[in-house]
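What follows is each chain in one-letter form.
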Amino acid sequence: MRKSYWVVLGLVLALVLGVFAAACGEDEATTTTAGGTETTAGGTETTTGTAKTLTIGVPIGLTGWISAQDIVAAEELKIVAELINEDGGITVGEQQYTIELVMEDTQSDFDGCAAAVNKLVFDNKVQYIVGANAMFNTVVSPICNENKVLQSAVYSVLQPGEVDATTPYTFLTSNGFVGRSMASIASLKEYYPDAKNVAVVLVDDGGIPYMTPIVKNFLGAQGVTIAGDEIVGFANELQDFSPIGAKLDAIGEVDAVLHITGIISHVASLVKSYRELGNETVPYVTALLANCGDIYKVAGEIAADGIFSNAATPGDPENPPMMAELIKRLQAKLGEDTAVYLEYANSLVVLVNAIEMAQSTDPTEIAKYWETEVDTIETLFGTGSMGGEQTHGIANHAVAHPMCMQMMKDGEQVPAGWVDIGQIP
Amino acid sequence: MEQVVATIFNVLILSSMYILVALGFAFLFNMLGILNLAHGAVYMVGGYIGYALINSAGVNPWAAILIATLLMAGFGVVLERYCFRPFTGDFNRIVMVGVGINVVLQTAVNALLGTQMQALPALFDGYLRFGVVSVSYQRISIFLIGAVLLVLVSWFVRRTKRGQQMQAISQDIEGAALSGINVHRVSALACALGSGMAALAGCLMGSYLMLSPYMGDLMLIKALVLVILAGIGSIGGIFVTGLILGGLDAIAPVVFDGAVADAIPYVVVVVVLLLRPRGFFGREA
């Protein structure tokens with residue numbers, strides 16, 4: 001018995017060491033992980049009297065179902081922080097600041113997200129937060145606003161208390177599903193001008209009642225109606241999308257499918273399930289930062305054509321310089337085939353620009369200035385416009401930036417042009 | 001009509017995959033009382049091995065699935081010998097070992113491959129179309145493979161000497177040992193069989209859906225639910241409960257929306273257990 005015990009212990013230790021050896025690899029020495037926390041100083045030392053450090057908290061899903069996306073997003077954030085620091089960091093008055101990111105793992109669930117944000121706010125005492133993704137903003141926003149922490153939100157599902165009149169410290173800085181959907185429909189119309197009747201599908205995380213009128217509104221403005229007059233929802237943790245594919249198919253003949261919220265695994269599975277039922281030629285448009293190539297990898301030949309997404313294409317000559325450099329460094333680190341998301345990175349860029357525009361490091365002053373004085377702001381995607389009063393019930397808290405579109409054409413992932421959506425309504 | 005046909009196929013495919021995974025889990029649970037919480041990870045790793053063999057080594061998909069199945073069957077033997085056998089009778093330690101192995105395997109795969117979207121290639125391309133109804137050959141083939149395997153496993157358990165020895169051990173382990181049955185050898189075989197089936201299901205589902213480091217978690221829960229609903233000691237009952245759960249999982253999302261559809265199957269399970277705590281076919285305590 002005792003010998004077996006040591007054998008088992010040895011096996012487990014070997015496995016654990018193997019995991020760490022594989023995971024650490026060639027990571028920079030400044031990256032540490034302990035209980036789901038990552039810290040990076042962007043390669044710059046803090047010295048009293050010269051550059052100070054501006055600490056920005058990032059609740060992000062390093063484990064769990066959203067980690068497939070957020071692990072890449074974490075790398076993008078580190079690279080953007082490096083780029084900003086290499087460019088001199090942030091200058092407020094006479095003082096220069098370098099950015100330090102403190103990442104906490106949300107574990108892809110609400111409890112983990114709450115714990116992560118509470119740790120950032122109360123233990124790390126951050127005054128600025130970038131995040132979170134998906135529907136986790138419903139957890140992040142109230143904590144930030146109660147504690148006067150300036151939040152650059154990556155996404156919103158329009159639930160009360162996310163981005164509305166009760167959240168003066170929260171700014172939605174990465175288009176959100178409204179902006180992305182508007183861009184996707186505009187792109188669809190460019191290639192399929194007669195598309196009018198569109199089936200709409202999204203994650204049902206309780207937001208459908210709030211989202212439906214907003215979706216009808218902006219689709220109507222673009223001359224599009226919801227097929228079957230009802231949005232099809234699915235559970236976040238769903239793995240087999242065959243029933244949802246069958247549900248979409250039951251709607252009948254549609255001009256396109258618009259997939260508004262979710263992550264790439266949802267899209268890939270649903271494309272497969274839906275098109276396998278004889279809908280190969282129906283354009284599938286996503287309002288997600290999902291690489292079409294990745295959708296094709298999972299769904300196969302059935303997704304070789306007519307798939308649209310809001311994703312940056314590496315090598316697109318229209319990519320702004322900072323974005324192009326970020327993608328280049330990301331590919332050098334994670335490989336040429338890496339997915340590119342950019343929403344977290346963009347939210348960091350916008351936050352940094354807002355701080356510089358306000359010329360203050362006080363979250364309350366920055367929030368007030370941002371809300372009242374800023375009409376346009378530079379983003380990773382180009383110049384963005386502030387808006388969102390109709391959608392969010394608070395003016396000037398939603399950024400609309402130009403959106404790069406991507407499509408699958410004859411089995412190849414190609415750029416589908418850039419769309420300027422103007423303002424979030 | 002098309003939706004009905006599609007739903008029927010969804011029911012059959014899901015049911016067959018759930019049963020495949022749950023049977024492997026049930027072998028150890030019923031025979032030795034071992035709650036193998038690493039079973040979901042075995043399912044997941046099996047799928048990824050199949051993928052790696054096809055994509056990196058250029059192995060034929062069918063051969064890759066066979067190799068992945070055999071490799072994980074071997075892993076099952078190692079699991080039983082070094083991780084479960086030393087702790088037989090110590091439920092808490094077995095649970096912790098299973099959890100530990102699950103976490104290690106999941107984290108390793110997530111760290112190495114978690115950011116990439118992967119799926120095994122379709123085993124067959126094309127569709128069978130009749131009227132307005134369209135069913136892919138992929139779905140038909142997965143259902144047929146699952147069904148044939150289940151028939152084979154059922155025949156093995158009921159008709160072969162080793163299968164009957166497994167049943168004997170699950171009914172009375174001491175009596176079986178006293179009868180001259182080599183309990184350790186049969187347990188190792190059961191674990192190999194269970195792990196192999198889980199790996200095979202992982203490859204098939206990795207082709208039908210997609211691969212994810214967390215795909216095993218949900219499947220483990222399904223396996224546990226099936227075994228409990230069927231009742232402790234009942235292997236045949238798993239076929240029935242597999243059909244029930246597969247049906248609920250395939251039909252509920254069609255009828256209900258989002259999270260409600262996700263909850264319905266578990267509500268049914270809770271109600272059944274409240275009314276019949278030993279499950280449909282379980283033995284009295």
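Please refer to the structure placed before this passage.
Since the model is a prediction, treat every value here as computed from it, not as a measurement. (Residues numbered from 1 in each chain as written. Chains lettered and ligands numbered in written order. Predicted model: local features only at pLDDT ≥ 70, side-chain atom pairs only at ≥ 80, totals over all residues. Heavy atoms only, no water.)

A.B. asks: I tried to follow the layout of surface pockets on my own but got confused; where do I start?
C.D. replies: Any empty space left between the atoms is revealed when a probe the size of a water molecule rolls over them. Its boundaries defined by the atoms lining it, the second largest pocket holds a volume of some 750 Å³. Along its surface, the second largest pocket is lined by 35 residues, and A:Trp65, A:Glu237, A:Gln239, B:Ser212 and B:Tyr214 are the ones closest to its centre. Every element with two or more residues in the lining of the second largest pocket is listed here: α2 (67–86) and α8 (264–275) of chain A together with α2 (39–55), α8 (183–208), α9 (215–230) and α11 (258–275) of chain B. At five residues, the largest contribution of residues to the lining of the second largest pocket is made by α9(B). (1 Å grid on protein atoms, 1.4 Å probe; cavity = no way out; pocket = protein on both sides within 12 Å on 5 of 7 lines; lining within 4 Å. Points joined across faces, edges and corners; volume = space filled by probe spheres on them. Helix = DSSP H or I, 4+ residues; strand = E, 2+ residues; numbered from the N terminus.)

A.B. asks: Sorry if this is basic, but what is going on with empty space enclosed by the protein here?
C.D. replies: A complete count under the given rule lists seven cavities of 30 Å³ or more for this structure. Here the largest cavity is characterised by a volume of approximately 230 Å³. In terms of lining, the largest cavity is formed by 18 residues, of which the most central are A:Asp240, B:Tyr18, B:Leu218, B:Lys222 and B:Asp249. Contributions of two or more residues to the lining of the largest cavity are made by α1 (2–32), α9, α10 (236–255) and α11 of chain B. By residue class, the composition of the lining of the largest cavity is twelve nonpolar, one polar and five charged. Its volume calculated, the second largest cavity comes out at about 180 Å³. (Nonpolar A, V, L, I, M, F, W, Y, C, P; charged D, E, K, R; others polar.)

A.B. asks: Teacher, can you tell me more about the nonpolar core here?
C.D. replies: Grouped together as the largest cluster of nonpolar side chains are 147 residues, with contacts concentrated most on A:Val215, A:Leu348 and A:Trp370. Membership of the second largest hydrophobic core comes to 85 residues, among which are B:Met44, B:Ala68, B:Ala176 and B:Ile238. (Core = buried A, V, L, I, M, F, W, Y, C linked by side-chain atoms within 4.5 Å. Buried < 20%, exposed > 50% of the residue type's maximum accessible area, 1.4 Å probe, protein only.)

A.B. asks: I'm lost on the interface of chain B and chain A in this one. Help?
C.D. replies: In many analyses, interface size is given as the accessible surface area lost on bringing the parts together. With 42 residues of chain B at the contact, the number on the chain A side is 48 residues. Roughly 3,800 Å² of surface becomes buried between chain B and chain A when both sides are summed, with 62% attributable to carbon and sulfur atoms. In this assembly, chain B and chain A are joined by zero salt bridges. Broken down by element, the side of chain B that touches chain A gets its largest block of residues, six residues, from helix α4 (residues 91–113) of chain B. Within the side of chain B that touches chain A, the residues separate by chemical class into 24 nonpolar, eleven polar and seven charged. (Contact = heavy atoms within 4.5 Å. Buried area = accessible area lost by both parts, 1.4 Å probe. Salt bridge = Lys/Arg side-chain N within 4 Å of Asp/Glu carboxyl O.)

A.B. asks: So what exactly am I meant to see when it comes to unusual backbone geometry here?
C.D. replies: Most of the time, phi is negative for any residue but glycine, and the peptide bond is trans. All names here are of chain A. Cis rather than trans, the peptide bond between Gly131 and Ala132 has omega equal to 0°. Structurally, Ala132 is set in the loop between β6 (128–130) and α4 (137–146). You will see that Lys125, though not glycine, has its phi angle at about 55°, which is positive. Structurally, Lys125 can be placed in the loop between α3 (110–123) and β6. At Leu342, a position not held by glycine, the phi torsion is positive, near 80°. As for its placement among the helices and strands, Leu342 is situated in the loop between α10 (321–334) and α11 (343–358). For Leu342, a relative accessible area of 0% corresponds to the buried category.

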